[in-house]
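Structure at a glance
Each chain, letter by letter, is given below.
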Amino acid sequence: MHGTRAKRGDAKTLGHENPSAESIFKPYLQQRPLFKKDRDILRPSYIPERLPHRDMQIDTLASILSTALKGGRPSNVLIFGKTGTGKTAVAKYLGNAISKAAGERALPLGVGPEELARVHFVYINCEVVDTQYGVLAHIGNRFISDWDERIPFTGWPTEKVYDQLKRQIDELGGVTVIVLDEIDKLVYKSGDDVLFHLTQINDDLSRGALSVVAISNDLKFTEFLDARVRSRLGEERLVFPPYNAKQLQDILAQRAELALEAGMYDESVIALCAALAAQEHGDARRALDLLRVSGELAERDGAPRLTDAYVVKAKNKIELDCVTEVVRTLPLQSKIVLIAIYASENRGEGASTTGEVYDAYRDLCRRAGYTPLTQRRVTDFISELDMLGIITARLKSFGRGGRTREISLGVSSGELRQVLVEDEMVRDLVDFVPTQQKLP
Ligand code: ADP
Ligand code: MG
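Model, not experiment: these values are computed from the prediction. (Residues numbered from 1 in each chain as written. Chains lettered and ligands numbered in written order. Predicted model: local features only at pLDDT ≥ 70, side-chain atom pairs only at ≥ 80, totals over all residues. Heavy atoms only, no water.)

Turning our attention to the overall build of the protein. If you tally the helices and strands in the protein, you get 17 helices and seven strands. Radius of gyration (C-alpha) of the protein: 29 Å, far over the 22 Å computed for a compact globule of 440 residues. Taking all 440 residues of the protein together, the buried fraction comes to 43%. Expressed as a percentage of contacts within the protein between residues at least 6 apart in sequence, the contacts between residues at least 24 apart total 73%. Counting every atom, the protein has about 23700 Å² of accessible surface; 52% of that belongs to carbon and sulfur. (Helix = DSSP H or I, 4+ residues; strand = E, 2+ residues; numbered from the N terminus. Rg over C-alpha atoms; globule rule 2.2 N^0.38 Å. Buried < 20%, exposed > 50% of the residue type's maximum accessible area, 1.4 Å probe, protein only. Contact = heavy atoms within 4.5 Å. Areas by Shrake-Rupley, 256 points an atom, 1.4 Å probe, with all protein chains shown as cover.)

See below:
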């Protein structure tokens, strides 16, 4: 009691009494909101009603899948394209459309279900469901409404799950279209057995039919497929090219209109987000992330409107988050190698050679009491860091056929420092100056 009173008295004499609870929040509440109610519109999971610049892909896939509405089995399709090129959005969009088309044709015509081509659509993200059993059970359960009959998540022999699935598809009749998104994750983890089964199931079906739409970020995984699976899966192929800045701008403008209050953001914000994302690899997800994070930063600042400056801040924040994520999970020795490179750059010495990095690394180990690894192992770490994009290592020739690598940081040294000093195992090494310094 007494203490509280004394404090309050102090504040008064200094002239800054704590504001009342209401007035703390007032400025934020009075501020006109930037975001409309539904924030999720700027998140990657949202599927807009129109997908600009994907007409060709939508038309092609629609024409392939339309066979299902006529009761035939559509060809299997292999879709590939880099992240954020709209593969998932287009697949889900067409899945909704085809389910709707099949349903709509049923009602107004008033024909019995037997006369209609039924279409069942199943979407599976193989990053989440990444085993053969999981995929088969997931598809099977999609058709089983009675909980008691559902396929358990584990426990049955795979053959039994497969037989149950076959029975379900045949009993139901019609055409089942299965989208296996991020299929490469499944193949790398569990091989291609499930694709083998799913692409040959039609030989065993009497009434129903099944088509597979497989989606991947790159085509390398097809090298791991059995030749038969590869050819069956790739009956049709569809490429999603990266978006250019202008296309990203159209995509963003559409989403901004839905998600943000008109007049609360500068038009240039859209162009800037699009340009920055186009510089990377035409990734619509990155463009949308930039817009959403910019908005969140502006809102947190209580800014009167969203301006370009917030886009720049958002870009830095997203990059820092990526670097943080990667650096945090590096093994200890790799972090020390990174510190060796950081230290040289931080002293303004510019790029280092592999030998210089190794010397600095050995010094750091000695100083911290760790046993240094061989230069060979350190060279491996350097290659790994290069692949992760944290450093860049360029091969350079010198003298008579001699070659070394010029190594420099691939991220801002200030940001890197922030992340490194978080780790107490290496914190003391970050500002350590090695004994072997480069001669001027
Ligand atoms: P991918 O599956 O190729 O990695 P997504 O389909 O998940 O990419 O797209 C990433 C984000 O960008 C999603 O929010 C999606 O809605 C949006 N997007 C991609 N292409 C378009 C487009 N043509 N029109 C509107 N939004 C799009
Ligand atoms: Mg996707």
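Alright, that's what it looks like, and here's the rest.
On to the packing of helix α13 (residues 308-328) against helix α17 (residues 413-420), then. Packed helix pairs are specified by the crossing angle of their axes together with the interaxial distance, meaning the distance between the axes. In the contact formed by α13 and α17, the axes pass within 10 Å of each other and the chain directions differ by 45°. Taken together, α13 and α17 sit at an angle that is classed as oblique. Between α13 and α17 lies a crossing of right-handed hand. Residues Asn316, Leu320, Thr324, Val327 and Arg328 of α13 touch α17, and the partners they reach there are Glu415, Leu416, Gln418, Val419 and Leu420. Class assignment of the residues belonging to the contact of α13 with α17 gives a composition of five nonpolar, three polar and two charged. (Axes fitted to C-alpha atoms, helices over the stretch in contact; angles between N-to-C directions. Parallel < 35°, antiparallel > 145°, perpendicular 65-115°, else oblique. Left-handed = near helix turned anticlockwise from the far one by under 90°. Nonpolar A, V, L, I, M, F, W, Y, C, P; charged D, E, K, R; others polar.)

For the rest of this paragraph, the subject is the domain arrangement of the protein. For the protein, the assigned domains are domain 1 (11-36 + 244-326), domain 2 (55-240) and domain 3 (330-429). Taken together, both faces of the contact between domain 1 and domain 2 bury some 330 Å²; the carbon and sulfur share is 43%. Ranking the residues of domain 1 by area buried against domain 2 places His281, Asp283 and Arg285 at the top, with a combined share of 79%. Linking domain 1 to domain 2 there are zero salt bridges. Linking domain 1 to domain 2 there are two residue pairs in polar contact (both at pLDDT 80 or more). Tallied by class, residues from the side of domain 1 that touches domain 2 come to one nonpolar, two polar and two charged. (Domains from an automatic or database assignment. Buried area = accessible area lost by both parts, 1.4 Å probe. Salt bridge = Lys/Arg side-chain N within 4 Å of Asp/Glu carboxyl O. Polar contact = N/O pair within 3.5 Å; in protein donor to acceptor, adjacent residues only side chain to side chain.)

This part is about the environment of Glu267. Among the secondary structure elements, Glu267 is positioned in helix α11 (residues 267-280). Take Glu267: its relative accessible area is 63%, and that puts it in the exposed class.

What follows concerns the site of ligand 1. The environment of ligand 1 is made up of 22 residues, and the closest members are Pro52, Lys87, Thr88, Tyr243 and Arg285. Separating an oxygen atom of ligand 1 from a backbone N or O atom of Pro44 is a distance of 3.1 Å. Here a nitrogen atom of ligand 1 and a side-chain polar atom of Tyr243 are 2.7 Å apart. When the free accessible area of ligand 1 is taken as 550 Å², the share hidden by the protein chains comes to 97%. Both domain 1 (11-36 + 244-326) and domain 2 (55-240) contribute no fewer than three residues apiece to the shell around ligand 1. (Near = heavy atom within 4 Å.)

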